[in-house]
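Below, each chain spelled out in residue letters.
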Amino acid sequence: MTENQIQFFRGCSATILAFAATGLIAAIFLSPNEPKNNSKFEVIDQYEGCSVIRYTDPTSRWHYFLKCS
């Protein structure tokens, strides 16, 4: 390899490394700090004294049902 090819390779490597480091740092500092709600059951409303419950199945479909006690 010639000296120009080595310098070109070093320049490309440094540029790629700089972009990767910037993206990693941005992803760490810009990520939301609030926890995610992983609950599959959620009370979303009331209807005639019963709770309207939404269930999220593993395929992310919602199912609704009433719970009256």
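Conventions we followed
Residues numbered from 1 in each chain as written. Predicted model: local features only at pLDDT ≥ 70, side-chain atom pairs only at ≥ 80, totals over all residues. Heavy atoms only, no water. Pairing = 2+ DSSP bridges. Helix = DSSP H or I, 4+ residues; strand = E, 2+ residues; numbered from the N terminus. Axes fitted to C-alpha atoms, helices over the stretch in contact; angles between N-to-C directions. Buried < 20%, exposed > 50% of the residue type's maximum accessible area, 1.4 Å probe, protein only. Disulfide = S-S within 2.5 Å. Patch = residues over 30% accessible without salt bridge, like charges linked within 9 Å, V, L, I, M, F, W, Y side chains within 5 Å. Areas by Shrake-Rupley, 256 points an atom, 1.4 Å probe, with all protein chains shown as cover. Salt bridge = Lys/Arg side-chain N within 4 Å of Asp/Glu carboxyl O.

Chemist: Report on the sheet that holds strand S3 (residues 62–67), specifying residues and quantitative values.
Modeler: Sheet architecture is open: three strands sit in the order S1-S2-S3, paired in antiparallel fashion. Edge positions in the sheet fall to strand S1 (41–47) and S3, since each has one partner strand and no second. Across the sheet, the mean angle separating the axes of adjacent strands is 30 degrees when strand polarity is ignored. Note that S1 and strand S2 (residues 50–56) share six bridges and pair antiparallel. Pairing of Gln46 across the sheet is with Ser51, part of S2.

Chemist: I'd like a rundown of unusual backbone geometry, residues and numbers included.
Modeler: Excluding glycine, residues mostly have negative phi values, and the peptide bonds linking residues are mostly trans. Backbone geometry at Glu48 places phi at a positive 50 degrees, although glycine is not the residue there. Within the secondary structure layout, Glu48 lies in the loop between S1 and S2. Judged by relative accessible area, which is 68%, Glu48 ranks as exposed. The phi dihedral of Ser60 is positive, around 70 degrees, even though this residue is not glycine. Along the chain, the position of Ser60 falls in the loop between S2 and S3.

Chemist: A description of the state of the cysteines should follow, citing residues and the corresponding values.
Modeler: Under the defined criterion, the tally for this structure stands at one disulfide. Each sulfur of the disulfide joining Cys50 and Cys68 lies 1.7 Å from the other. Taking the sign of the torsion about the S-S bond as the criterion, the disulfide between Cys50 and Cys68, at about 105 degrees, is right-handed. Highlighted residues: Cys50 in strand S2 and Cys68 in the segment after S3, separated in sequence by 18 residues. The class for Cys50 is buried, based on a relative accessible area of 10%.

Chemist: Quick one: what's the story with a nonpolar patch on the surface, residue by residue and with numbers?
Modeler: Where nonpolar side chains cluster on the molecular surface, the patch consists of Leu24, Ile25, Ile28 and Phe29 and spans about 460 Å² of accessible area. Topologically, Phe29 is positioned in helix H1 (residues 3–29). Here Phe29 falls in the exposed class, since its relative accessible area comes to 67%.

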